[in-house]
Amino acid sequence: MYQQQQTKLMGYKEWLRFCDELGLLDAHFTRREATVCFSLSRMHVIDEYASRSREKMVHLCFQDFVECLVRCSLEMPLPTEDEVKECGFEDAGLYMLKVKSNKSDHAAFVESHREAQQEPARCIAHMLSLLIRTVEAGTEVGVDNGTISAKEVAAYHKHYYQA
C-alpha cells in the first residue's frame, strides 16, 4: 500500500501521504513534526554515497517505520485512558474520531494535550487504535470491531487511490 514496489521501503512522500490520508496531521502534529519523526527514524549508514546505503538512508524499512510510528505517538495529542473511559468510548481511536468530527472540540483538545500525558506504551496503543478506527470508518466493508481485515485495507486503499 504505502511502499515502493521493488524495495519495500517507504519514502518521505509516501510517509507524508500516509500521515495525511490517515488523518494524523493537525494543528499540533503538522507536516513539520511528521518530517522530524521520519528523519530521526531513518537508518544510519557508513557510506552515504554508495547507492544501496543511500537508498536505506532516505527511506524507511519496516523497523524504521515502526520507530517512526512510536515517535509520532509521543508527539501527537492523544487522550488518556481515564478520558476515554469517562466519555464512554471503547478505545482511544473511537474517542479521537469523535473529537476530530467537531473542529472546535478538536482545537480545544489539541490545545489541552500539547504534552504527552501518559507512558509511551499507552501513546502507541492509542495511536494504533486511531489508525485502525480510521481505516474501519473509511470503508463499508467488514465490521467495526477494532481489527482490520485484508478486505478493509483493500477497500480503504482503493477509496484513496481512486479519489
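Calculation notes
- Residues numbered from 1 in each chain as written.
- Predicted model: local features only at pLDDT ≥ 70, side-chain atom pairs only at ≥ 80, totals over all residues.
- Heavy atoms only, no water.
- Helix = DSSP H or I, 4+ residues; strand = E, 2+ residues; numbered from the N terminus.
- Buried < 20%, exposed > 50% of the residue type's maximum accessible area, 1.4 Å probe, protein only.
- Contact = heavy atoms within 4.5 Å.
- Areas by Shrake-Rupley, 256 points an atom, 1.4 Å probe, with all protein chains shown as cover.
- Salt bridge = Lys/Arg side-chain N within 4 Å of Asp/Glu carboxyl O.
- Phe/Tyr/Trp six-rings, centres within 6.5 Å; stacked < 30°, edge-to-face > 60°.
- Core = buried A, V, L, I, M, F, W, Y, C linked by side-chain atoms within 4.5 Å.
- 1 Å grid on protein atoms, 1.4 Å probe; cavity = no way out; pocket = protein on both sides within 12 Å on 5 of 7 lines; lining within 4 Å.
- Points joined across faces, edges and corners; volume = space filled by probe spheres on them.
- Patch = residues over 30% accessible without salt bridge, like charges linked within 9 Å, V, L, I, M, F, W, Y side chains within 5 Å.
- Axes fitted to C-alpha atoms, helices over the stretch in contact; angles between N-to-C directions.
- Parallel < 35°, antiparallel > 145°, perpendicular 65-115°, else oblique.
- Nonpolar A, V, L, I, M, F, W, Y, C, P; charged D, E, K, R; others polar.

**Q** Could you give an account of the overall build of the chain, naming the residues involved and the relevant values?
**A** From N to C terminus, the chain includes nine helices and two strands. Listing each helix as α and each strand as β along the chain from the N terminus yields β-α-α-α-β-α-α-α-α-α-α. Split into buried and exposed, the 163 residues of the chain put 39% on the buried side. A sequence separation of at least 24 residues applies to 57% of the contacts in the chain between residues at least 6 apart. Carbon and sulfur atoms make up 53% of the accessible area of the chain, which amounts to about 9,800 Å² in all.

**Q** An account of the pattern of salt bridges is requested, with residue identities and associated values reported.
**A** Applying the stated criterion to the full structure yields seven salt bridges. Linking Arg-122 and Glu-81 is a salt bridge whose minimum nitrogen-to-oxygen distance equals 3.1 Å. On the criterion of sequence distance, the pair formed by Arg-122 in helix α8 (residues 120-137) and Glu-81 in helix α5 (residues 81-86) is long-range, its members being 41 residues apart. Since its relative accessible area comes to 27%, Glu-81 is described here as partly exposed. The closest approach of N and O atoms between Glu-136 and Arg-133, which form a salt bridge, is 3.2 Å. With Glu-136 and Arg-133 both in helix α8 and three residues apart, this pair spans about one turn of that helix. Each of the two residues, Glu-136 as well as Arg-133, counts as buried. Taken together, the shared-partner salt bridges in this structure form one network comprising Glu-90, Asp-91, Arg-133 and Glu-136.

**Q** Give me the lowdown on the packing of aromatic side chains, citing residues and values where you can.
**A** Tallying each qualifying case throughout the model produces six aromatic pairs. Between Phe-18 and Phe-65, the ring centres sit 5.4 Å apart and the planes meet at 75°, which makes this aromatic pair edge-to-face. Of this pair, Phe-18 sits in helix α1 (residues 12-21) while Phe-65 sits in helix α4 (residues 62-75), placing them 47 residues apart in sequence. Exposure class is identical for Phe-18 and Phe-65. Each is buried. Plain terms: the ring middles of Phe-89 and Tyr-95 are 5.7 Å apart, the flat faces sit at 85° to each other, and that makes the pair edge-to-face.

**Q** Tell me what's going on with the nonpolar core, and back it up with residues and numbers.
**A** Core analysis: the largest hydrophobic core is formed by 31 residues, its most contacted members being Trp-15, Phe-18, Leu-24, Leu-69, Met-76 and Met-127. The leading source of residues in this core is α8, at six residues.

**Q** Residues and numbers for empty space enclosed by the protein, please.
**A** Considering all chains together, one arrives at one cavity of 30 Å³ or more under this definition. Quantified by volume, the largest cavity comes out at close to 40 Å³. The wall of the largest cavity is formed by Ser-73, Met-76, Leu-78, His-113, Glu-115, Ala-116, Gln-117, Gln-118 and Cys-123.

**Q** Quick rundown of a nonpolar patch on the surface? Include the residues and the values.
**A** Judged by side-chain polarity, Phe-62, Val-66, Val-70 and Leu-74 come together as a nonpolar surface patch covering roughly 320 Å² of accessible area. In this structure, Val-70 sits in helix α4. The class of Val-70 is partly exposed, set by a relative accessible area of 32%.

**Q** Explain the packing of α4 against α8 residue by residue, including any values.
**A** With their axes 8 Å apart at the nearest point, α4 and α8 run at an angle of 100° to one another. Taken together, the axes of α4 and α8 are roughly perpendicular relative to one another. Here Leu-69, Val-70, Cys-72, Ser-73 and Leu-74 of α4 lie close against α8, whose contacting residues are Pro-120, Cys-123, Ile-124, Met-127, Leu-128 and Leu-131. Taken together, the residues that form the contact of α4 with α8 break down as ten nonpolar, one polar and no charged.

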